[in-house]
Amino acid sequence: MDVGELLNYQPDRGAKRPRGEEDGGAGGDEDSRGGKQLKGMSARELARYREVAGAEGGAEMRETEELIGDKKIILEKLMDQDAEEPEAELVDESSVKKMILTFEKRSYKNQELRIKFPDNPEKFMESELDLNDIIQEMHVIATMPDLYHLLVELNAVHSLLGLLSHENTDVAIAVVDLLQELTDIDTLHESEDGAEVLIDALLEGQVVALLVQNMERLDEQVKEEADGIYNTLAIIENMAEFRPGMCTEAAQQGLMQWLLKRIKAKMPFDANKLYCSEILAILLQNNDNTRELLGEMDGIDVLLQQLSVFKRHNPSTAEEQEMMENLFDALCSCLMLPSNRDRFLRGEGLQLMNLMLREKKMSRTSALKVLDHGMIGPEGTDNCHKFVDILGLRTIFPLFMKTPKKMRKTGVSEREHEEHVCSIIASMLRNLKSQQRSRHLSKFTENDCEKVDRLMELHFKYLEAVQQADKRIEGEKHEMVRRGEILDDSMEDEFYLRRLDAGLFVLQLICYIMVEISNSGIPQLQQRVHQILNLRGGSVKVVRHIMREYAESIGDGKSDEFKEAERKRIMDLADNF
């Protein structure tokens, strides 16, 4: 800063000026022209200015000099003040204890005055403001997760949870803001011990039930209350990420019911609806208890109703698209539970997904994924039969013959699309009986077996990709052995995952379809498969080896009897290939 700038310094009086203006003085009118012109002048220029100004401007000049003198004094005073200001108080155990004690006193005082003067807000309003102030001050504790145990030991967690049902929603929202900051996932990971103690205390105090009760009374038309709901959902997300096991308990404490109610509420799309869809998807991940609960609450119907909007219309924003994907993910999770497959069937979910595939909107990609989840395994038998009845074969086979370009635009890889389509066709071959099975198999004979040609094209495409991956992996294994490194189970698992990424699972599905149609009793199909295999230098042995590997990995989470029967069935098909 040069001397001129120092002399022109003015203390901030509340209103900020844009920094881009060149004339750094105070104000832009003619009254301040003296200050502007003098800025940065040399002694010679100053003397020249005095001569030109003459006697008429003498008085104005003196005023300007006095102003400069005043500025110097103000600047000195400001610098003295800065030097005198004490450093910010350190947050330590004693200061946190003192803060918690103040919080408890103010909370008790407010409660006492509210009971004493229930109809006279003037009497307790000041205590309520004091209580709000100390809750704001307690945000500083979030910077010291090591001291979270004090909140529990001094009973502050219990008191904070009690305030979630405070008559004044502003106080309840202030508590929600504090809890959201205390449970921030990055903060929790800074001190595992402090985090464990805090989360234990919150769950013991039925925090989710209290948060849900508080959300029930908040009005989302009021911005502060809508923000309060958003922060409440953030608390639940933080806790679920830190301790996934709490999801079942949370869902049973009214959260699942509230989420479904909020998702189906006739309100414009907003950040809270998006967040609700996200929390719902989190609750349903790898959790049969929450899936069962959602099914019992008619949640499958709610999800289908919300998704039906995207049947003929694309989401209008990226956020709305994210919500749509969350709802599809939630539906896929639910369909992992056999009892929900029936609810999906009764709720006409197959018809909706089939329409989405035909409409060619953004929802098509996810609808394919849902169908895959709904038809896979023996639990999907009824859905497979229904899909044929609603003319689903006319929809699925065009997608098998050609991967749509729009799929790639929505961020879905070609492999992902082909995996879902092949999985649906394989599920139908496994589950369909009698007339429906015949209709399915006859599709492969249409137009001079064009679908068999496409199947074989996919077979060689994925076979080559997997063989290349295998070659790289073998090279790495030899290198590791040469260096004397041990190939443990974790390394083998990693190599297997890399083979899956290269397309091993899709290849297994394609080989399964090949052996199924070859054993269907239709000579035309078997001849075509072997003809193309021989023509392109393929091998029956390779197909059998792939099927053996597939049989070994099948039936995860199923009973031993099912696994054994399914393996035998697949190996019989491969041997007769």
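Within each chain, residue numbers correspond to sequence positions counted from 1 in written order. For a predicted model such as this one, the threshold for reporting local features is a pLDDT of at least 70, and the threshold for listing and counting side-chain atom pairs is 80 or more; totals across whole chains, interfaces and linings nevertheless cover every residue. With hydrogens and water stripped out, all remaining heavy atoms of the structure feed into the side-chain values.

Looking at an unreviewed UniProt entry, one finds the protein chain named Beta-catenin-like protein 1 and attributed to Pundamilia nyererei. UniProt positions are given in the numbering used here, feature names are shortened, and annotations may be inferred rather than shown by experiment. The annotation that UniProt attaches to the protein chain under Subcellular location (unreviewed entry) is "Nucleus".

## Looking at the overall build of the protein chain
In this description a helix means any DSSP run of H or I spanning at least four residues, a strand means any run of E spanning at least two, and both kinds are numbered starting from the N terminus. When you go through the protein chain residue by residue, the secondary structure sums to 31 helices and zero strands. Each residue gets one of three labels from its accessible area relative to the maximum for its type: buried under 20%, exposed over 50%, partly exposed in between, using a 1.4 Å probe on protein chains only. Within the protein chain, the fraction of its 577 residues that count as buried is 45%. Throughout, a contact is declared for two residues whenever any of their heavy atoms are within 4.5 Å. Taking the intrachain contacts of the protein chain between residues at least 6 apart in sequence as the baseline, contacts between residues at least 24 apart amount to 75%. Using a 1.4 Å probe, the Shrake-Rupley method yields the accessible areas, and only the shown protein chains count as cover for residues. For the protein chain, the accessible surface area stands at approximately 30700 Å², while carbon and sulfur atoms represent 49% of it.

## Digging into unusual backbone geometry
For N286, which is not glycine, the phi torsion reads 45° and is therefore positive. Among the secondary structure elements, N286 is positioned in the loop between α15 (271–284) and α16 (288–296). The exposure class assigned to N286 is exposed, which follows from its relative accessible area of 75%. Despite not being glycine, K360 has its phi angle at roughly 60°, a positive value. Along the chain, the position of K360 falls in the loop between α20 (349–359) and α21 (363–375).

## Comments concerning the pattern of salt bridges
Basic side-chain nitrogens of Lys or Arg form a salt bridge, by our definition, when they fall within 4 Å of a carboxyl oxygen of Asp or Glu. With the rule as written, the count across this model stands at 34 salt bridges. Note that R343 is salt-bridged to E292, the shortest N-O span being 3.6 Å. Note that R343 is positioned in helix α19 (residues 338–346) and E292 in helix α16, a separation of 51 residues in sequence. For E292, a relative accessible area of 26% gives the class partly exposed. The shortest N-O distance in the salt bridge between E516 and R569 comes to 3.2 Å.

## Topic: the packing of α20 against α21
For any two helices packed against each other, the geometry comes down to the angle between their axes and how far apart the axes lie. Put simply, α20 and α21 touch, their axes get as near as 8 Å, and they point 140° apart. The pairing of α20 with α21 is recorded here as oblique in orientation. Both α20 and α21 take part in a crossing whose hand is left-handed. Between α20, through L350, M353, M356 and L357, and α21, the contact on the second element is made entirely by S363, R364, A367, L368, V370 and L371. Taken together, the residues of the contact of α20 with α21 sort by class into eight nonpolar, one polar and one charged. Throughout, an axis means a line fitted to C-alpha atoms (over the contacting stretch in the case of helices), and angles, computed between N-to-C directions, take values from 0 to 180 degrees. Throughout this description, any angle smaller than 35 degrees is read as roughly parallel, any larger than 145 degrees as roughly antiparallel, any in the 65 to 115 degree range as roughly perpendicular, and the remainder as oblique. Each helix crossing is assigned a hand: it is left-handed if the near helix lies turned anticlockwise from the far helix by less than a right angle, otherwise right-handed if that turn is clockwise. All amino acids are sorted into three groups, where Ala, Val, Leu, Ile, Met, Phe, Trp, Tyr, Cys and Pro are nonpolar, Asp, Glu, Lys and Arg are charged, and the leftover types, Gly among them, are polar.

## Let's talk about the packing of aromatic side chains
Working definition: a ring pair exists when centres of Phe, Tyr or Trp rings (six-membered ring for Trp) sit within 6.5 Å. Plane angles under 30 degrees give stacked, over 60 give edge-to-face, the rest tilted. Inspection of the entire model under this criterion finds four aromatic pairs. Taken together, a centroid distance of 6.1 Å and an interplanar angle of 90° make the contact between F397 and F400 edge-to-face. Placement of both F397 and F400 in helix α23 (residues 393–401) is noted, with a separation of three residues, approximately one turn of the helix. Each member of the pair, F397 together with F400, is buried. What links up through ring pairs into an aromatic cluster is the set F397, F400 and F444. When the NZ atom of lysine or the CZ atom of arginine is within 6 Å of a ring's centre and also within 35 degrees of its normal, the charge is said to sit over that ring. Of note, K123 hangs over the ring of F117, and the distance from its end group to the ring centre comes to 5.3 Å.

## Side note on helix α30 (residues 540–553)
One fewer than the residue count of a helix, multiplied by 1.5 Å, yields its expected span. Helix length check: α30, at 14 residues, gives a terminal C-alpha distance of 20 Å against a target of 20 Å (1.5 Å per residue), a fit within 8%. Buried within α30 we find V543, I546, M547, Y550 and A551. Down the axis, α30 shows its buried residues gathered within 140° of arc, on one side only. Projecting away from the buried face of α30 at angles above 90 degrees are the exposed residues K541 and E552. In protein, a polar contact requires one atom able to donate a hydrogen and another able to accept it; more generally it is a pair of N or O atoms within 3.5 Å, and residues adjacent in sequence count only if both atoms are side-chain atoms. The N-capping residue of α30, defined by a side-chain oxygen 3.1 Å from the backbone nitrogen of K541, is S539. The arc in question is formed by the directions pointing from the helix axis toward the C-beta atoms.

## Focus: the environment of G538
Take G538: it is sitting in the loop between α29 (523–535) and α30. Taking relative accessible area as the criterion, G538 reaches 23% and is therefore assigned partly exposed. Between the C-alpha atom of G538 and that of L463, which follows or precedes it by 75 residues, the distance is 9.7 Å. When near neighbours in sequence (up to four residues on either side) are disregarded, G538 contacts F460 and L533.

## Regarding the side chain of K451
With respect to the helices and strands, the residue K451 is situated in helix α26 (residues 434–482). We classify K451 as buried; its relative accessible area is 5%. Reaching out from K451, the side chain makes a polar contact with the side chain of E446 at a distance of 3.4 Å. Sequence-distant contacts of K451, defined by excluding residues within four places in its chain, comprise F397, F400, M401, K443, F444 and E446.

## Some details on helix α5 (residues 93–116)
Residue pairs three or four apart in sequence face the same way in an α-helix, which turns once every 3.6 residues. Its 24 residues give α5 an end-to-end C-alpha distance of 35 Å, which sits within 8% of 34 Å, the value for a rise of 1.5 Å per residue. Restricting attention to buried positions, one finds in α5 the residues S95, V96, M99, I100, F103, S107, N110, L113 and R114. The elements touched by buried residues of α5 are α6 (121–137), α7 (148–153) and α8 (156–163).

## What about the nonpolar core?
Grouped together as the largest cluster of nonpolar side chains are 149 residues, with contacts concentrated most on L255, L280, M353, M428 and I517. Once residues lying within four places of it in the same chain are set aside, the contact partners of M353 are L304, F328, L331, F344, A367, V370 and L371. By nonpolar core we mean a set of buried residues, namely Ala, Val, Leu, Ile, Met, Phe, Trp, Tyr and Cys, connected to one another through side-chain atoms within 4.5 Å.

## Points about a negative patch on the surface
Patches here are clusters of residues that have more than 30% relative accessible area and form no salt bridge, with a 9 Å joining cutoff for like charges and a 5 Å cutoff for nonpolar side chains (Val, Leu, Ile, Met, Phe, Trp, Tyr). Charged residues are defined here as Lys and Arg on the positive side and Asp and Glu on the negative side; His and the ends of the chain fall outside this count. Working definition for charges: the position is that of NZ of Lys, CZ of Arg, CG of Asp or CD of Glu. A contiguous patch of negative charge on the surface is contributed by D146, D186, E190, E192, D193 and E241. Of all elements in the fold, only α10 (185–190) and α11 (192–204) reach the threshold of two or more residues within the negative patch. For E190, the position within the fold is in helix α10.

## Here we look at the environment of L284
With respect to the secondary-structure elements, L284 resides in helix α15. Between the alpha carbons of L284 and C334 there is a distance of 7.0 Å; along the sequence they are 50 residues apart. Dropping the residues within four chain positions of it, L284 is found in contact with M256, T290, R291, L294, A330, S333 and C334.

## Points about the confidence of the model for the protein chain
pLDDT is a residue-level measure of predictor confidence that goes from 0 to 100. Looking at the protein chain as a whole, the pLDDT averages 86, with 83% of positions reaching at least 70. Across residues 13–60 the pLDDT falls below 50, and counting only partners more than four positions away or on other chains, this stretch makes 30 contacts in the model.

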